[in-house]
Amino acid sequence: MSTFETNTEKASVATLRKRRIDPRTFSERFKFIIAHTPEEKQRAFSLRHEVFHEELHYNIGEKINAPLEKDSHDQNSILCLLQHKESGMDAGCLRVVIIDTKANSSPHILPLEEYCKSSFQGYDLNPNTFPKSTVCEVSRLAVHPSFRKRSKPPTGIRDEDINRICSISEKQEPALIGLSLFLAATAIVGLSGRRHVFAMIEPKFNRLLKASGLHFQKAGETIDYCGTRAAYYIDQHRAEDNLPEEITPLYNHIKEELSSQIHENSDPKFSPSYSHTRA
């Protein structure tokens, strides 16, 4: 589930692929944060509420009084924020849902198995194809509306700052933010040792991901679930190995940034009891 705009982004991503994205200029403006603390997790839930509930009016998540969007799968999720440094705004967020087979109270299935299980019929790829300890789901990818739909930069962002990020135009900045979020998801999946990745994606958004070098395979029927979507699958090892060389420097920067946070905080979701190392 994503809020990455899809009317002009394919052309924007195609243009980005022709440029070597400088991770230094990106890191001057943005930073990724793995949400370890309750406050950081609340920020992700708050952004999701603003996008999915207030803007898109999706009927998802638990019915709670607070302005937050969350569900039972969040307790088994690695939450990640993308923060714009100068303004302090959270430009985007995502989660990687894993399965903790040792926990008695947590769900032992992925969200798409709960809501869209019947759509896998007739397809060879589904979460049950692989050991539960090696599968995960990328979901709740959201980009703040100020970074998607705007005639002027968000508070604290100057026009010249936007163009400094690999000399992209204003129309291309949302494409870069959305692409960076999926690169972060790819890195988190690899760092957690869960090779087999599923996601509910709009078919036109999948074409956009393919243009950026992330080749998802369709794994289920197209259904109406918060819009027209289908289950898709990607092998994280192959995704990482096949990234275009123009995007690889940015990916390596994002992976290093996230890896350092994991080691500093000793996140149990990345421990050997949770994950398997890459073969």
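These remarks concern the structure in this document. (Residues numbered from 1 in each chain as written. Predicted model: local features only at pLDDT ≥ 70, side-chain atom pairs only at ≥ 80, totals over all residues. Heavy atoms only, no water.)

## A short note on the nonpolar core
In plain terms, the rule: Residues grouped as a nonpolar core are buried Ala, Val, Leu, Ile, Met, Phe, Trp, Tyr and Cys residues, joined through side-chain atoms within 4.5 Å. Summary of the burial criterion: residues with accessible area below 20% of their type's maximum are buried, those above 50% are exposed, and those between are partly exposed, where the area comes from a 1.4 Å probe applied to protein chains only. Elements are defined by DSSP. Helices are runs of H or I of four residues or more, strands are runs of E of two residues or more, and each kind is numbered from the N terminus. Contacts between residues were defined by any pair of non-hydrogen atoms, one from each residue, lying within 4.5 Å.
Counting 48 residues, the largest nonpolar core has F32, L94, F216 and L258 as the members making the most contacts within it. The biggest single contributor to this core is helix α6 (residues 173-192), with 11 residues. Among residues more than four places away in sequence, those in contact with F32 are F26, C80, L81, L82, S180, L181, A184, I254, E257, L258 and Q261. Counting residues in hydrophobic clusters, the runner-up holds 26 residues, among them I33, A44, A142 and A219.

## Thoughts on the pattern of salt bridges
Note the cut-off: Take a side-chain nitrogen of Lys or Arg and a carboxyl oxygen of Asp or Glu: if they are within 4 Å of each other, that pair is a salt bridge.
Overall, the coordinates contain 12 salt bridges when judged by the stated rule. Of the charged contacts, one joins E69 and R48 as a salt bridge, the two residues approaching to 2.8 Å between their closest N and O atoms. Of this pair, E69 sits in the loop between α3 (38-55) and β2 (77-84) while R48 is found in helix α3, placing the two residues 21 residues apart along the sequence. R95 is the salt-bridge partner of D71, the closest N and O atoms lying 2.9 Å from each other. Of this pair, D71 sits in the loop between α3 and β2 while R95 sits in strand β3 (residues 90-97); the two residues are 24 residues apart in sequence, bridging distant segments of the chain. On the basis of relative accessible area, R95 is assigned to the buried category, the value being 0%. What emerges from the salt-bridge pattern is a single network uniting R48, E69, D71, D74, R95 and R140.

## Focus: the environment of Y233
We apply this condition: Polar contacts here mean pairs of N or O atoms no more than 3.5 Å apart (in protein, one a potential hydrogen donor and the other a potential acceptor; neighbouring residues in sequence count only if both atoms are side-chain atoms).
Its location among the elements puts Y233 in strand β8 (residues 228-235). When its relative accessible area of 5% is taken as the criterion, Y233 is described as buried. In sequence terms Y233 and K218 are 15 residues apart; their C-alpha atoms lie 6.3 Å from each other. Residues contacting Y233, with those up to four places away along its chain left out, are L125, F130, H196, V197, F198, H215, F216, Q217 and A219. Here H196 takes part through its side chain, which lies 2.7 Å from a polar atom of the side chain of Y233.

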